[in-house]
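# Tertiary structure, described
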Amino acid sequence: MTILSELQPLHHPLFTHYNVQVHVKRDDSIHPIISGNKWRKLKYNLAQIKQNMSIKGVLSFGGSYSNHIHALSFACYQQKIPCIGVIRGEKNYASNFTLSWARYWGMKLHFVDRKTYRRRHDADYLAQLQQTFPDYFIVPEGGSNELAIAGVAEIITELNQQTTFDTLITPTGSGGTLAGLVAGDYNTGNRQHKLLGIAVLKEAGYLIDEIQKLLPSTAKQHDNWHLLTDFHRGGYAKFNPLDVGQLLEFNQVTGVVFEPIYSGKMILAFLDLLKQGYFSSGERIVLLHTGGMQGIGGMIERGVLSAKHWSMPEQAQQL
Ligand SMILES: *Cc1c(COP(=O)(O)O)cnc(C)c1O
C-alpha cells in the first residue's frame, strides 16, 4: 500500500526531559489544498459518487470557516462533481476567506440560520433536503460517515509500516477521525495501541456515543481509546493569547506549523499531559497532524491571528 504521508521525528527539550519518543504523522502534507483528514474522509465518498451514475453531485454541511467545506469544494472542482454547501450563517459570509475559495471552485452555497443548521442530522430535515436536491449524495458535517472510516483507517495501515508506537493522538471535532483510527487499529488485529482524541469543542462528552455508532461492528470491542474532553480551552475556535504564544514557540522549536483550532489544541493538550506525568518513560507517541492550514487564512482575516507571526495559506496567493 502506498504511504501518503511522512512520519517525522519531533524534537523538543520537554520530550527529552520526560523521556518520550515523539513522531508526527504529516497528513497536513498530503495535499496543498485538501486538508489532511478531510482528504482521508472524502476518498471513498468521492469514489462512490464517481462510480454511481445516478448520483448527480454532493451536498454537505459546514460553518463559514469550515475546513471540510473548503476541502470538499476543491476536491469536487478537481473531479468535476457538482457540489452544494449548506452553510451555517448569513449570505454576507460568502466573501470570507474560506467561502470565497469554495465559490471560486464552483461550490453552490446554501445559507441557513443556526436553528435550521442544528437539524443537520435529523432524518426529516435530510429527507426534505434530498427532495429539494434529488440525486445529490448527502455527506454529513465534517465528512464523517461510514465511508470516511475506511479512509481514515488507512492511517493505521501506513503507521504500522512506518514505525512501532504505543500511543496515537488526534484532535477531535465530530469524532469521525478518531472512529476511523479505532476501526483501523482493531482491524489490524494487534490492538496494542492506545488511541487518544483531544476534543476541541466544549462539552464534547456526547461524542463518545457518536464515535461508538460510527465504528463498524467488528471494531466496537476496541477498549483502548479515550476521548479527553478537558482540553478545549474555552470551546471551538477559542484560544487565548497565552495559548497562541505557547503554540508559536512550539512551532518554532520543532519546525512544524500547527494551527490553533485543531492540531495546535492537540499539541497544547499533549504538553499539559506530558507535564502531568500522563505518559510512561520510554513511551513512543505519534501525533496526527490533521492539516487545517486554510483556517489560518480566516483567522488572519478576522484579526484573531497576527500576520506578523502566521503566514497566509499558500493558495491565497493564487486568487
Ligand atoms: C475536521 C478536522 C478535525 C476533526 O476531525 P473529526 O473527524 O471531525 O473529529 C481535525 N483536524 C482538522 C484540521 C480538521 O479539519
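Residues numbered from 1 in each chain as written. Predicted model: local features only at pLDDT ≥ 70, side-chain atom pairs only at ≥ 80, totals over all residues. Heavy atoms only, no water.

Looking at an unreviewed UniProt entry, the protein carries the name Pyridoxal-phosphate dependent enzyme, with the source organism given as Colwellia maritima. Regarding the protein, the UniProt comment filed under Cofactor (unreviewed entry) reads as follows: "pyridoxal 5'-phosphate". According to the UniProt record, the Sequence similarities (unreviewed entry) comment for the protein is "Belongs to the ACC deaminase/D-cysteine desulfhydrase family." (UniProt positions renumbered as here; feature names shortened; annotations may be inferred.)

The next subject is the layout of surface pockets. As a volume, the largest pocket reaches approximately 1,400 Å³. If you go around the largest pocket, you meet 50 residues; those closest to its centre are Y117, R120, E141, S174 and L201. Counting residues per element, the ones that place at least two in the lining of the largest pocket are α2 (36-51), β3 (57-62), α3 (67-79), α5 (114-117), β7 (167-172), α8 (176-187) and α9 (207-214). Partitioning the lining of the largest pocket into residue classes produces 16 nonpolar, 22 polar and 12 charged. Of the volumes computed, that of the second largest pocket is approximately 500 Å³. Looking at the second largest pocket, it is lined by 24 residues, and the ones nearest its centre are M293, I296, M312, P313 and E314. For the lining of the second largest pocket, the elements supplying multiple residues, two or more each, are α10 (241-254) and α12 (294-301). Per-element tally for the lining of the second largest pocket: the top contributor is α10, with three residues. Grouping the constituent residues of the lining of the second largest pocket by class yields 10 nonpolar, 12 polar and two charged. (1 Å grid on protein atoms, 1.4 Å probe; cavity = no way out; pocket = protein on both sides within 12 Å on 5 of 7 lines; lining within 4 Å. Points joined across faces, edges and corners; volume = space filled by probe spheres on them. Helix = DSSP H or I, 4+ residues; strand = E, 2+ residues; numbered from the N terminus. Nonpolar A, V, L, I, M, F, W, Y, C, P; charged D, E, K, R; others polar.)

Moving on: the packing of aromatic side chains. Inspection of every chain in the model, using the stated rule, returns 11 aromatic pairs. Note on F74 and Y77: the rings are 5.8 Å apart at their centroids and 50 degrees apart in plane angle, and the pair reads as tilted. Within this pair, F74 and its partner Y77 are both found in helix α3, separated by three residues, close to a single helical turn. Relative to F258, the ring of F250 has its centre 5.9 Å away and its plane inclined at 55 degrees; by these criteria the two rings are tilted. As far as the burial class goes, F250 and F258 line up, both buried. Pairwise contacts between aromatic rings join F15, F250, F258, F270, Y278 and F279 into one cluster. Sitting over the ring of Y262, K38 keeps its end group 5.6 Å from the ring centre. Above the ring of Y117, the side-chain terminus of R88 is found at 5.0 Å from the ring centroid. (Phe/Tyr/Trp six-rings, centres within 6.5 Å; stacked < 30°, edge-to-face > 60°. Buried < 20%, exposed > 50% of the residue type's maximum accessible area, 1.4 Å probe, protein only. Lys NZ or Arg CZ within 6 Å of the ring centre and 35° of its normal.)

Time to look at the site of the ligand. Around the ligand sit 16 residues in total, of which K38, K41, S174, T177 and T290 are the nearest. A distance of 2.7 Å separates an oxygen atom of the ligand from a polar atom in the side chain of T177. One of the side-chain N or O atoms of T290 is found 2.7 Å from a nitrogen atom in the ligand. Judged by the fraction of its atoms near the pocket grid, the ligand is located in the largest pocket. Mapped onto the shell around the ligand, the elements with two or more residues apiece are α2, β7 and α8. Tallying contributions element by element places α2 first for the shell around the ligand, with three residues. A breakdown of the residues in the shell around the ligand according to their chemical character gives two nonpolar, 12 polar and two charged. Split by domain, the residues of the shell around the ligand number at least three in each of domain 1 (7-36 + 145-315) and domain 2 (37-143). (Near = heavy atom within 4 Å. Polar contact = N/O pair within 3.5 Å; in protein donor to acceptor, adjacent residues only side chain to side chain. Sits in = over half its atoms within 2 Å of the grid points. Domains from an automatic or database assignment.)

A few words on the environment of G297. Along the chain, G297 turns up in helix α12. Once the C-alpha coordinates of G297 and A307 are considered, the two residues, 10 residues apart in sequence, prove to be 9.4 Å apart. Excluding residues that lie within four positions of it along the chain, G297 makes contacts with F97, M312 and P313. (Contact = heavy atoms within 4.5 Å.)

Between its first and last C-alpha atoms α10 spans 20 Å; for 14 residues at 1.5 Å apiece the expected length is 20 Å, and the two agree. Within α10, burial applies to D243, V244, L247, L248, F250, N251 and T254. The buried side chains of α10 occupy one side of the element, clustering within an arc of 160 degrees when seen end-on. Relative to its buried face, α10 has exposed residues pointing more than 90 degrees away, namely P241, L242, E249 and Q252. Buried residues along α10 sit against α1 (13-17) and α11 (263-275). Residue N240 occupies the N-cap position of α10, its side-chain oxygen lying 2.9 Å from the main-chain nitrogen of L242. Trailing α10 by a residue or two, G255 shows a phi angle of about 80 degrees, which is positive. (Expected span 1.5 Å × (residues − 1). Arc of directions from axis to C-beta.)

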